[in-house]
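# Architecture at a glance
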Amino acid sequence: MSTNYCFQGFDTVSLAKDYGTPLYVLSEDMIREKCRSVRESFLNVYSNTEAVYASKAFLTKAMCKIIESEGLGLDVVSGGELFTAKEANFPMGKVIFHGNNKSLEELEMAIDYGVGRIVVDFEEEIGMIESLAKAKGKKVNCLFRITPSIEGKTHKYIMTGQKDSKFGIPLELESLKALVDKTLKSPWITLQGFHFHIGSQLFENHIYDGAIQVIGNLAKELKIHQGMELQELNVGGGFGIQYRGDQKTRSISFFTEVIMKSVKNTFEGLGLSVPRIIIEPGRWIVGEAGITLYTIGAIKKIPEIRTYASVDGGLPDNPRPALYGAKYDGVIANKVQEEKTEVATIAGKCCESGDILIWDLKVPKLDSGDVLAVKNTGAYNYSMASQYNKIPKPGVVLLSGRRANLIVKRETYSDLLRNEEVPGHLEE
Ligand code: LLP
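Here the residue index of a chain counts from 1 through its sequence in written order. Residue-level local features of this predicted model are given only where pLDDT is at least 70; pairs of side-chain atoms are given and counted only at 80 or more, and the full residue set underlies all totals for whole chains, interfaces and linings. To obtain the side-chain values, all non-hydrogen atoms of the structure were included, while hydrogens and water were left out.

To continue, consider unusual backbone geometry. Of note, the amide linkage connecting Thr21 to Pro22 takes the cis form, showing an omega dihedral of -10 degrees. Relative to the assigned elements, Pro22 resides in the loop between helix H1 (12-19) and strand E3 (23-27). Look at Asn48: it is not a glycine, yet its phi comes out positive at around 55 degrees. Despite not being glycine, Glu304 shows a phi value in the positive range, around 65 degrees. Numbering of helices and strands starts at the N terminus; helices are DSSP runs of H or I of at least 4 residues and strands are runs of E of at least 2.

Here we take up the sheet that holds strand E5 (residues 73-76). At least two bridges found by DSSP between two strands is the condition for calling them paired. Judged by pairing direction, the barrel is parallel, and its 8 strands sit side by side in the order E4-E5-E6-E7-E8-E9-E10-E11 before closing back on the first. On average, each strand axis in the sheet is inclined to that of its neighbour by 30 degrees, with strand direction left out of account. Pairing analysis gives 3 bridges linking strand E9 (residues 189-195) to strand E10 (residues 232-234), with the strands arranged parallel. Paired with Gly193 across the strands is Glu232, a residue of E10. The strands touched by helix H2 (residues 28-43) are strand E4 (49-54) and strand E11 (276-279); relative to E4, the strand with the most contacts, the crossing angle is about 155 degrees. Docked against the sheet, helix H6 (residues 123-136) engages strand E7 (117-120), strand E8 (140-145) and E9, running at close to 150 degrees with respect to E7. Working convention: axes come from line fits to C-alpha atoms, limited for helices to the stretch in contact. Angles between N-to-C directions cover 0 to 180 degrees. What makes two residues a contact is simply this: any of their non-hydrogen atoms within 4.5 Å.

Another point: the site of the ligand. Throughout, near means a residue has at least one heavy atom within 4 Å of the molecule or strand. Taken together, 20 residues sit near the ligand, with Ser200, Glu280, Arg320, Tyr324 and Tyr380 positioned nearest. Here a polar contact means two N or O atoms within 3.5 Å. Within protein one must be a hydrogen donor candidate and the other an acceptor candidate, and residues neighboring in sequence count only if both atoms are side-chain atoms. A distance of 2.9 Å separates an oxygen atom of the ligand from a polar backbone atom of Gly282. Between the ligand and Arg320 there is a distance of 2.5 Å, counted from an oxygen atom to a side-chain nitrogen or oxygen. Protein chains shield 91% of the accessible area of the ligand, which is 580 Å² for the free molecule. Cavity means a closed set of points on a 1 Å grid over the protein atoms alone, one where a 1.4 Å probe fits but cannot get out, pocket means an open set with protein on both sides within 12 Å along at least 5 of 7 lines, and lining means a residue has an atom within 4 Å of a point. A molecule is counted as occupying a cavity or pocket when more than half of its atoms fall within 2 Å of that pocket's grid points. In this structure the site holding the ligand corresponds to the largest pocket. Under the grouping applied here, Gly and all other residues not named as nonpolar or charged are polar, the nonpolar ones being Ala, Val, Leu, Ile, Met, Phe, Trp, Tyr, Cys and Pro and the charged ones Asp, Glu, Lys and Arg. Looking at the shell around the ligand, its residues break down into 6 nonpolar, 8 polar and 6 charged. The domain boundaries here were taken from an automatic or database domain assignment. Each of domain 1 (6-24 + 288-416) and domain 2 (27-287) accounts for three or more of the residues forming the shell around the ligand. All accessible areas in this document rest on Shrake-Rupley with a 1.4 Å probe, and a residue is counted as covered only by the protein chains that are shown.

In this section: the domain arrangement of the chain. Each assigned domain of the chain is listed here: domain 1 (6-24 + 288-416) and domain 2 (27-287). Centre-to-centre, using C-alpha coordinates, domain 1 lies 33 Å away from domain 2. Each partner contributes residues to the interface: domain 1 has 29 residues there, and domain 2 has 24 residues. The quantity reported as buried area is the accessible area (1.4 Å probe) lost by two parts once they are put together, taken as the sum for both. A combined buried area of about 2,400 Å² lies between domain 1 and domain 2, and 56% of that area is made up of carbon and sulfur atoms. For this document, the term salt bridge refers to a Lys or Arg side-chain nitrogen within 4 Å of an Asp or Glu carboxyl oxygen. Our count for the domain 1 to domain 2 interface comes out at 1 salt bridge. The residue Lys34 makes a salt bridge to Glu288 at a minimum N-O spacing of 2.7 Å. Where domain 1 packs against domain 2, one counts 18 residue pairs in polar contact (both at pLDDT 80 or more). Broken down by secondary-structure element, the contributors of at least two residues to the side of domain 1 that touches domain 2 are helix H11 (320-324), strand E16 (356-363), strand E18 (395-400) and strand E19 (403-408).

A word on the packing of H2 against helix H9 (residues 252-269). Close contact between H2 and H9 brings their axes to 10 Å; oriented N to C, the two are set at 30 degrees. Regarding the angle of H2 to H9, the classification is roughly parallel. Here H2 and H9 pass one another in a crossing that is right-handed. Across the interface between the two elements, Ser37, Val38, Ser41 and Phe42 from H2 touch Ile252, Ser253, Thr256 and Met260 from H9. For the contact of H2 with H9, a count of residues per class yields 4 nonpolar, 4 polar and no charged. For this classification, under 35 degrees means roughly parallel, over 145 means roughly antiparallel, 65 to 115 means roughly perpendicular, and everything else is oblique. Take the far helix as your reference; a near helix turned counterclockwise from it by less than a right angle gives a left-handed crossing, and one turned clockwise gives a right-handed crossing.

What follows is the structure, encoded as C-alpha cells:
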C-alpha cells in the first residue's frame, strides 16, 4: 500500500511521474456514480423527466461516450461543443443547443446535425432558425429561454436568472406573447416549452420555486390567450459542490425533490398539466471526479509575511481562483503522512500577482519537487484552460477501474505555434 496520496486507488505521485505535471486526473467511476444517482433518484422516480449533462463543465470525446452510456443527454453551447459531440457519435436527438449569441453557421450546423432542441435566447434567433429550417425542409424543436428575474446566491459572474442579464428573453408578457404567437404560426418551429437557468454553484433548493412559479404563470397566460400547451420545462443546472469550507455537496434529490414538488403544486394549482421536466447539471456530475497534480518549484519565504510555494501550472489550467475568488483544497501528495506544521500560499507560474491557486494552505515542510494534488477540479478547469504565457495545456488522464488512459495529450510547444504564420516581409 502506497504511503502517498491515493485517488481512486491510484498513487498520485506515480501518476505525476508517469504523465508529468501539471496533469488533470479524472475518475470515470466517480462520474458514472453521479450519473447513476441522477437516474436512480430522479429519472426512475419521476415519469416524464430528462437529464442532460452541461458539457461546458468538461467535454472531450471520451466524456461524450460516458454520458451516452449512462443514458443522459448533452447540453452544448457552441459550434465547438456541438462538433465534439458529433465526432463522438453522440445521439444528436439528445443534444440541447444553448447560447446567447448563436451564429447563423452554428444554427445551421445544429439543424444539419438534427439536435433534439434549440434553446432560443433572443428574438432574432426565431427568424434565423425559421429561414434555415425552411431552406432545409426540416422542422426544428425549440424551447424559449426565459429570464425569470430570480437572483441565485452565488458569485456575480455566474448568476444568470436576475432581470439584468445577458441571458434569456426578458420576462415582458406582451412581447413574449407576440414571440410565442409568431413561433406557433411557423410551420418550421415546434415550441416545446421553456427553459431557465438561475445560476451556477447554488446550494438553496427553494430558489427554483420562484422561477417555476414565473413559468407557471406564463404558461397559464399563454394557454388562455394563445392556446399554447406547455410540453416541457427545462430548469437548468447549478447544483453546487463543496470545494473548501462549509458548503457541503448535497444529493441530487435535495434539489430535484423540491423542484418536482414545486412543479406539481404550481402547475396543478393553475389547472395546467405538469410538463416534462429537464435538468442540466454540469459541475455536480464531474466537479468532484477530478484532481489536478502539480510539482512544486520555487519556495519563497518572506519573513513575518508569508511563504509562497509556486507550482508548474496555475491560472492557465485553473482560472477559477482569479476569476471568482474560488477556494480549493490541496494536499502534498508525497507527504500525506507528515504533520502539517507550516502554512504556504500556492502560487501559479504566470506573470500575474492574481495567479494564486490556494491562499494559506496548511502543509508539511515543503521541498522543491513535492507533488501537490488540488481537489475537486473536474469541472470548469480543463474546459476553461488557456495558453496564457504560452504555457501548453496539461493532458487529461482518465482512471477507469484499475486502468489509466490518457484521453487528452499534453500540448507541446509546437502545438502552441501550429496556427501561426510569419508574413513574408518579416522573414528577411
Ligand atoms: N445549463 C445552462 C443553460 C448553463 O448556462 C449552465 C452553466 C449549466 C446548465 C450548468 O451549470 P452547473 O450545473 O455546472 O452549475 N465557469 C463557471 C461556471 C459557469 C456556468 C455557466 N453555465 C465556474 O467555473 O464556476
